[in-house]
Amino acid sequence: MARLPRWFSLGLLVTLPLLLILMLRRPDSEPVPSRPETPPAGGSPSEVGAPVPGRGQGLNDVVLLDPGAPERPESPPGPEGAPNLAEPAGLPAYPLPEAIRWPSTPEAEAEIRAMLDLVADAIRSEKFVEMKAIIDAIKAHGTAAYGPLLEVLRQSDDSRLPIYAAVILAEMEVEHPDTELATALRDSALPRLESLAMAGDDAALRHAALVALGKVGDPGSFNLLVDALARENGGVLGEQAARSLTGLRGAEMTDALAALAREEPDPALRQSLTDALAAREDPASLETLESLARRDYSDEVRLAAIRGLAALPGAEADELLRDIARSPENADLRAAALTGLGISGDKRDLDLM
């Protein structure tokens, strides 16, 4: 057999490895497979808007698990109360920032400030009909007045104007309940009003701030109003602090007032607390008012408690008053109970007269 030339043998040594490499190489058009992603529990990887496990449910924590899915377009806001169809179902609704929900402009703030100045002038001149007309004109702006009033409440250098702004906003919130407005009032009004109510020698300004705290009615004012009542009890400011305590919202405020009325050692302050508790006209106060009416050693406190029982609805309070009216121990207390029973309009009470 003939031997292969030397140059041919060398060529095979070089060519064969190259052929093996080319045969093992994958064509450029064929993609390299990637490891499939494991879908989260309860859904497939193609779901849009699914939350990342272990993270919060806020809007900033929502991701697209399908990288090829288009981003959801933002839809224009619909009418108030209409569902936002651009958002996935099940996500919590977050309140809009005040600056977006209640926009304010320098022109609108200037107009509201001018109207509040007129309110101040009317109060100073005791032109209360004119004052009410101006306040009604501000309220007629509706929600468009919220932003400017909140800005005045936060930033006005005139201490009177934030008080008037807070009172008007509180009245508007009562007339048209709005949880977000109540929150904005709590965050913006309480710090300013509380500082005005407790600082300075201007009694009129402090009185107005106490009125405003009662109008806002936030439970966060409870301790400050109790302190004001204790410091000013028997005076005009103390009386207003008691009235403002009556205006605080929440059933827990009745319980807190009842506890203070039972435990306060000073009879004059205890009477004021009992008056404030009675003025709430909350059936939850019945047990405390009965205890004070029957067993307190101060006749003034007992009379205040009887007045409170007379203001309560329901047959149980009336029956307590009848029992007190039959008691021979104190003519003044019997008379107060009889007066309370006369308010009830029950003909059976005539037998006790």
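All of these numbers come straight from a predicted model, not from anything done at the bench.

(A) Examining the overall build of the protein more closely. In terms of helices and strands, the protein carries 16 helices and two strands. Out of the 353 residues in the protein, the part that is buried amounts to 35%. Long-range pairs, those at least 24 residues apart, make up 58% of the contacts in the protein between residues at least 6 apart in sequence. For the protein, the computed accessible surface area is about 21,300 Å², with 58% contributed by carbon and sulfur atoms.

(B) Examining the nonpolar core more closely. By size, the foremost hydrophobic cluster in this structure holds 80 residues, and its most contacted members are Leu116, Leu149, Leu245 and Leu309. The element contributing the most residues to this core is helix α6 (residues 160–175), with 10 residues. Discounting chain neighbours no more than four positions away, the residues touching leucine 309 are Leu286, Leu289, Glu290, Ala293, Ala317, Leu320, Leu321 and Ile324.

(C) Inspection of the packing of helix α11 (residues 251–263) against helix α12 (residues 267–279) at higher detail. α12 packs onto α11 with a crossing angle of 155 degrees between their chain directions and a minimal axis gap of 9 Å. The pairing of α11 with α12 is recorded here as roughly antiparallel in orientation. Viewed along their axes, α11 and α12 form a crossing whose handedness is left-handed. Between α11 and α12, the contacting residues are Thr254, Leu257, Ala258, Leu260 and Ala261 on the first element and Arg270, Leu273, Thr274, Ala276 and Leu277 on the second. Considered class by class, the residues forming the contact of α11 with α12 number seven nonpolar, two polar and one charged.

(D) The layout of surface pockets, seen in detail. Approximately 580 Å³ is the volume attributed to the second largest pocket. Around the second largest pocket, the lining is made up of 22 residues, and of these Ile123, Met131, Ile163, Tyr164 and Ala208 lie nearest the centre. Mapped onto the lining of the second largest pocket, the elements with two or more residues apiece are α3 (106–124), α4 (128–139), α6 and α8 (203–216). Split by residue class, the lining of the second largest pocket holds 14 nonpolar, one polar and seven charged.

(E) Here's a closer look at the pattern of salt bridges. Under the criterion given, the structure shown has 16 salt bridges. Between lysine 139 and glutamate 171 there is a salt bridge whose closest N-O contact spans 2.8 Å. You can see lysine 139 sitting in helix α4 and its partner glutamate 171 sitting in helix α6, a full 32 residues away along the chain. Residue glutamate 171 is joined to lysine 215 by a salt bridge in which the shortest nitrogen-to-oxygen separation is 3.2 Å. Residue glutamate 171 is located in helix α6, and its partner lysine 215 is located in helix α8; the two are separated by 44 residues in the primary sequence. The class of lysine 215 is partly exposed, set by a relative accessible area of 37%. Connected via shared salt-bridge partners are Lys139, Glu171, Glu175 and Lys215.

(F) Representation of helix α15 (residues 315–326). Taking 1.5 Å per residue as the helical rise, α15 with its 12 residues ought to reach 16 Å, and the 17 Å between its terminal C-alpha atoms agrees with that figure. Within the sequence span of α15, burial applies to Ala317, Asp318, Leu320, Leu321, Arg322, Ile324 and Ala325.

About the criteria used
- Residues numbered from 1 in each chain as written.
- Predicted model: local features only at pLDDT ≥ 70, side-chain atom pairs only at ≥ 80, totals over all residues.
- Heavy atoms only, no water.
- Helix = DSSP H or I, 4+ residues; strand = E, 2+ residues; numbered from the N terminus.
- Buried < 20%, exposed > 50% of the residue type's maximum accessible area, 1.4 Å probe, protein only.
- Contact = heavy atoms within 4.5 Å.
- Areas by Shrake-Rupley, 256 points an atom, 1.4 Å probe, with all protein chains shown as cover.
- Core = buried A, V, L, I, M, F, W, Y, C linked by side-chain atoms within 4.5 Å.
- Axes fitted to C-alpha atoms, helices over the stretch in contact; angles between N-to-C directions.
- Parallel < 35°, antiparallel > 145°, perpendicular 65-115°, else oblique.
- Left-handed = near helix turned anticlockwise from the far one by under 90°.
- Nonpolar A, V, L, I, M, F, W, Y, C, P; charged D, E, K, R; others polar.
- 1 Å grid on protein atoms, 1.4 Å probe; cavity = no way out; pocket = protein on both sides within 12 Å on 5 of 7 lines; lining within 4 Å.
- Points joined across faces, edges and corners; volume = space filled by probe spheres on them.
- Salt bridge = Lys/Arg side-chain N within 4 Å of Asp/Glu carboxyl O.
- Expected span 1.5 Å × (residues − 1).

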